[in-house]
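Below are the chains, spelled out letter by letter.
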Amino acid sequence: MVEEKMGTCWSQTKDQFDNLEKHTQWGIEFVERYTKFVKERSEIEINYAKQIRNLSKKYQPKKNSREEEENKFTSCRAFLSTLNELNDYAGQHEVIAENLTSQIIAELTRYIQELKQERKSHFHDGRKAQQHIENSWKQLESSKRRFERDCKEADRAQQYFEKMDADINVTKADVEKARQQAQLRHQMAADSKGEYSVYLQKFNKEQNEHYYTLIPHIFQKIQEMEEKRIERVGESMKTFAEVDRQVLPIVGKCLDGMTKAAESIEPKTDSKQVIECFKSGFEPPGDVEFEDYSQAMKRTVSESSLSNSRGEGKPEKPSSKAKGKLWPFMKKNKLMSLLTSPHQPPPPPPASASPSAVPNGPQSPKQQKEPLSHRLNEFMTSKPKMHCFRSLKRGLSLKLGSGPEDFSHLPPEQRRKKLQAKIDDLNKEIQKEMDQKDALTKMKDVYVKNPQMGDPASVDPRLAEISQNIEKLRLEAQKFEGWLAEVEGRLPTRSEPPRRQSELYETQNSTPVNNNCAQDRESPDGSYTEEQSSETQIKVPNTEFDDEFDDEEPLPTIGTCKALYPFEGHNEGTITVAEGEMLYVIEEDKGDGWTRVRRNEDDEGYVPTSYVEVYLDTNAKGAMTYI
């Protein structure tokens, strides 16, 4: 019974160690799984922060003049502040990733290694204790079997002695030998009994110590190890939440910054900025005077028929006094339109409302079609045309991306701002050069007083160079100041709006007037300045302009018109229209009495403004707008 009880206890202890070994291994794997989870969360935070930073960087304003101009609007500045706050917001997610790595991942990785070592040590001690008690049990079993065997041998020897002693035929010597053998066996049995008793006591003591001291102590250590592991996991989970909580105040400040940036947007301020940016400085045109056609008088030509009110085929047309003020609000002429526009004044509308009475009215004198080179040469034969040609070349240079140095391609107000900004930049450069000159002058004085520190003559070349630079910059500043004074003198003052006066045409039999290049008109390229030229005739190869304008894009439509009378376009640049026909307007009347229209993609030309009724699309590009 005792032996069965011993075997059962040892077997149970071994089974408990196996179960505990499996459970503690699962605990380590759980910690490793949680560590992997935190690591993946950290990677997500890093990738998220990286994407947020890239998004913020992508929409940061570029270093160019356009972006700098946009930054003066409060909405653009608010968006820039939002991008900066978003960048800081991304930084907080990087902080989360760093704290998760340092406070959880690194700590748990190190702790897992320690936990494995501790677990291995505890189970090694348990296995060692189990092995020891097992060896003790084997020794006890061995001494018990030896004691049992010696006892049996002693019994057989005793029985043999008694048998020999009872036999009368056996000699006395044999009996004595049997007796000694029996005594020897009894002594061996007694020794085995003593040894068995010692091993039994030893085993009982070790077993008691094993089950009541060693194994409970090992189990206690394993239990403490498990509790410490669970506690460590709990602390890591708490840290996992605290890492997020620590950055919440800063994230809140970032969000508050975005809100503050949004609240800083001022629509009225931005509107004023737009007005300041695009204010031209021109006054609106004056009232249109009434032109009495009931009296016998020469044909008058108005600057534009876009705002005419028509009645019974007799349109009212604005005079040409303020025509120079209208160019900023109209679509700019292109060189080809000027070269192909009719040379003759437009014919007046038919006297009768019935187109059958006067089919076409008095026609412009027919001209033989000329090649483009002849028209270009005619442009260059007089000073007025040469003046217009220079203006056209300036407009062409603006289209190609370069502007005149005096910013004459801009409206007066914008030109004044550009010139003032240029003068400010030049003054800054002059001040910088003067500061360098003062520093070099002081250095030269030091060298003069202390020759051992340097040669005063070595500074002279640099001083001379700086003086030349200052003189050049001053001359440049004076030049721009002169242009600025000219612009400020030309800017109109707020007064009563001027009235337009009629401009009379000469009779059709007189010499035609080239209205496109009249000196008293503003330049077709959009320059409001009038250049006084004393240059001689300029000769340009004909092929130069043929090549430059081969790929010119078609003009966009800015409205529609209805033909009031039929018109047969016999002159170069004109187009034949029928009464009642609807056409697209691609260029307004520039004051010469002709309107450029288009029937289809390849069929366009000029018609007399008085022959059509124009319906201007106010939303079209190039429509008249006052700022």
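Remember, predicted model here, so these are calculated numbers, not experimental data. (Residues numbered from 1 in each chain as written. Predicted model: local features only at pLDDT ≥ 70, side-chain atom pairs only at ≥ 80, totals over all residues. Heavy atoms only, no water.)

Remarks on the overall build of the protein
When you go through the protein residue by residue, the secondary structure sums to 11 helices and 9 strands. For the protein, buried positions account for 37% of its 627 residues. In the protein, the share of contacts with a sequence separation of at least 24, taken over all contacts with a separation of at least 6, comes to 79%. Per element, the accessible surface of the protein, about 37,200 Å² overall, is 52% carbon and sulfur. (Helix = DSSP H or I, 4+ residues; strand = E, 2+ residues; numbered from the N terminus. Buried < 20%, exposed > 50% of the residue type's maximum accessible area, 1.4 Å probe, protein only. Contact = heavy atoms within 4.5 Å. Areas by Shrake-Rupley, 256 points an atom, 1.4 Å probe, with all protein chains shown as cover.)

Here we look at the nonpolar core
Formed by 31 residues in total, the largest nonpolar core has its most connected members in Tyr34, Val38, Leu100, Ile104 and Phe240. Broken down by element, the residue count for this core peaks at 13 residues, all from helix H3 (residues 74–166). Those residues within four positions of Leu100 in sequence are excluded, and the remaining contacts are Val38, Arg41, Ser42, Ile105, Phe240 and Val243. (Core = buried A, V, L, I, M, F, W, Y, C linked by side-chain atoms within 4.5 Å.)

A closer look at the sheet that holds strand E6 (residues 582–587)
The pairing of strands in a sheet comes from backbone hydrogen bonds and takes either a parallel or an antiparallel form. The strand order across the open sheet built from 5 strands is E8-E7-E6-E5-E9, with neighbouring strands paired in antiparallel fashion. Here the strands that pair on one side only, and so sit at the sheet edges, are strand E8 (603–608) and strand E9 (612–616). For this sheet, the mean inter-axis angle between neighbouring strands, taken without regard to orientation, is 40°. (Pairing = 2+ DSSP bridges. Axes fitted to C-alpha atoms, helices over the stretch in contact; angles between N-to-C directions.)

Thoughts on the environment of Gly569
Relative to the assigned elements, Gly569 resides in the loop between strand E5 (559–563) and E6. A C-alpha to C-alpha distance of 8.7 Å links Gly569 and Gly605, two positions 36 residues apart in sequence.

Quick word on the confidence of the model for the protein
With 68% of its residues at a pLDDT of at least 70, the protein reaches an overall mean of 74. Segment residues 1–11 is flagged for pLDDT under 50; beyond a separation of four residues in sequence, or across chains, it makes 13 contacts in the model. Here residues 298–338 is a poorly scored stretch, pLDDT under 50, and it has 144 contacts once near neighbours within four places are set aside; other chains count. (pLDDT = per-residue confidence, 0-100.)

What to know about a nonpolar patch on the surface
Judged by side-chain polarity, Leu55, Tyr59 and Phe79 come together as a nonpolar surface patch covering roughly 300 Å² of accessible area. Within the secondary structure layout, Phe79 lies in helix H3. (Patch = residues over 30% accessible without salt bridge, like charges linked within 9 Å, V, L, I, M, F, W, Y side chains within 5 Å. Salt bridge = Lys/Arg side-chain N within 4 Å of Asp/Glu carboxyl O.)

Focus on the pairing of strand E7 (residues 594–600)
Along E7, 5 of the 7 residues are buried, which leaves the element largely enclosed by surrounding structure. Sheet analysis places E6 next to E7, joined by 3 bridges and oriented antiparallel. Paired with Tyr584 across the two strands is Arg598, which belongs to E7. With antiparallel pairing between neighbouring strands as the criterion, E6 and E7 make up a hairpin whose turn holds 6 residues, including Gly591 at a positive phi of roughly 110°. In this sheet, E8 lies alongside E7 in antiparallel orientation, the contact comprising 6 bridges.

Observations concerning the environment of Val612
Considering the arrangement of structural elements, one finds Val612 in strand E9. Measuring from C-alpha to C-alpha, the distance between Val612 and Thr595 comes to 8.6 Å, with 17 residues separating the pair along the chain.

Here's the deal with the packing of aromatic side chains
Evaluation of the coordinates by the stated rule reveals 12 aromatic pairs. Note on Tyr59 and Phe79: the rings are 6.5 Å apart at their centroids and 80° apart in plane angle, and the pair reads as edge-to-face. Of this pair, Tyr59 sits in the loop between helix H1 (2–58) and helix H2 (65–70) while Phe79 sits in helix H3; the two residues are 20 residues apart in sequence, bridging distant segments of the chain. Overall, the relative accessible area of 45% leaves Tyr59 in the partly exposed class. Taking relative accessible area as the criterion, Phe79 reaches 41% and is therefore assigned partly exposed. With centroids separated by 5.9 Å and ring planes inclined at 5°, the aromatic side chains of Phe147 and Tyr196 adopt a geometry described as stacked. Note that Phe147 is positioned in helix H3 and Tyr196 in helix H4 (residues 172–263), a separation of 49 residues in sequence. For the pair shown, Phe147 and Tyr196 are each scored as buried. Aromatic ring contacts, followed pair by pair, group Tyr565, Phe567, Trp594 and Tyr611 into a single cluster. (Phe/Tyr/Trp six-rings, centres within 6.5 Å; stacked < 30°, edge-to-face > 60°.)

Description of H3
In this model H3 runs 135 Å from its N-terminal to its C-terminal C-alpha over 93 residues, within 8% of the 138 Å that 1.5 Å per residue would give. At Thr101, H3 shows its maximal bend, which comes to roughly 35°. (Expected span 1.5 Å × (residues − 1). Bend = angle between axes of the 7 residues up to and from the residue.)

Describing the pattern of salt bridges
According to the stated counting rule, one finds 25 salt bridges in the structure shown. Here Asp18 ties to Arg127 by a salt bridge, and the two come within 3.0 Å at their closest N and O atoms. You can see Asp18 sitting in helix H1 and its partner Arg127 sitting in helix H3, a full 109 residues away along the chain. A relative accessible area of 28% places Arg127 in the partly exposed class. Between Arg41 and Glu45 there is a salt bridge, with its nearest N and O atoms 2.9 Å apart. Placement of both Arg41 and Glu45 in helix H1 is noted, with a separation of 4 residues, approximately one turn of the helix. Its relative accessible area of 16% is what places Arg41 among the buried residues. The network of salt bridges with common partners includes Glu587, Arg596, Arg598 and Glu604.

Quick look at the side chain of Asn99
Residue placement: Asn99 occurs in helix H3. Not counting chain neighbours up to four residues away, the residues in contact with Asn99 comprise Ile104, Val243 and Gln246.

Concerning a negative patch on the surface
A cluster of like negative charges, contributed by Glu224, Glu227, Glu231 and Glu235, occupies part of the molecular surface. As for its placement among the helices and strands, Glu231 is situated in helix H4. (Lys, Arg positive; Asp, Glu negative; His and termini not counted. Charge placed at Lys NZ, Arg CZ, Asp CG, Glu CD.)

Quick word on the packing of H3 against H4
The geometry of H3 relative to H4 is characterised by a closest axis approach of 6 Å and an angle of 170° between their N-to-C directions. Classified by the angle their axes make, H3 and H4 are roughly antiparallel. Within the contact of H3 with H4, the residues separate by chemical class into 44 nonpolar, 22 polar and 24 charged. (Parallel < 35°, antiparallel > 145°, perpendicular 65-115°, else oblique. Nonpolar A, V, L, I, M, F, W, Y, C, P; charged D, E, K, R; others polar.)

Topic: the environment of Glu70
One can find Glu70 in helix H2. For the pair formed by Glu70 and Gln273, sequence separation is 203 residues and the distance between their alpha carbons is 10.0 Å.

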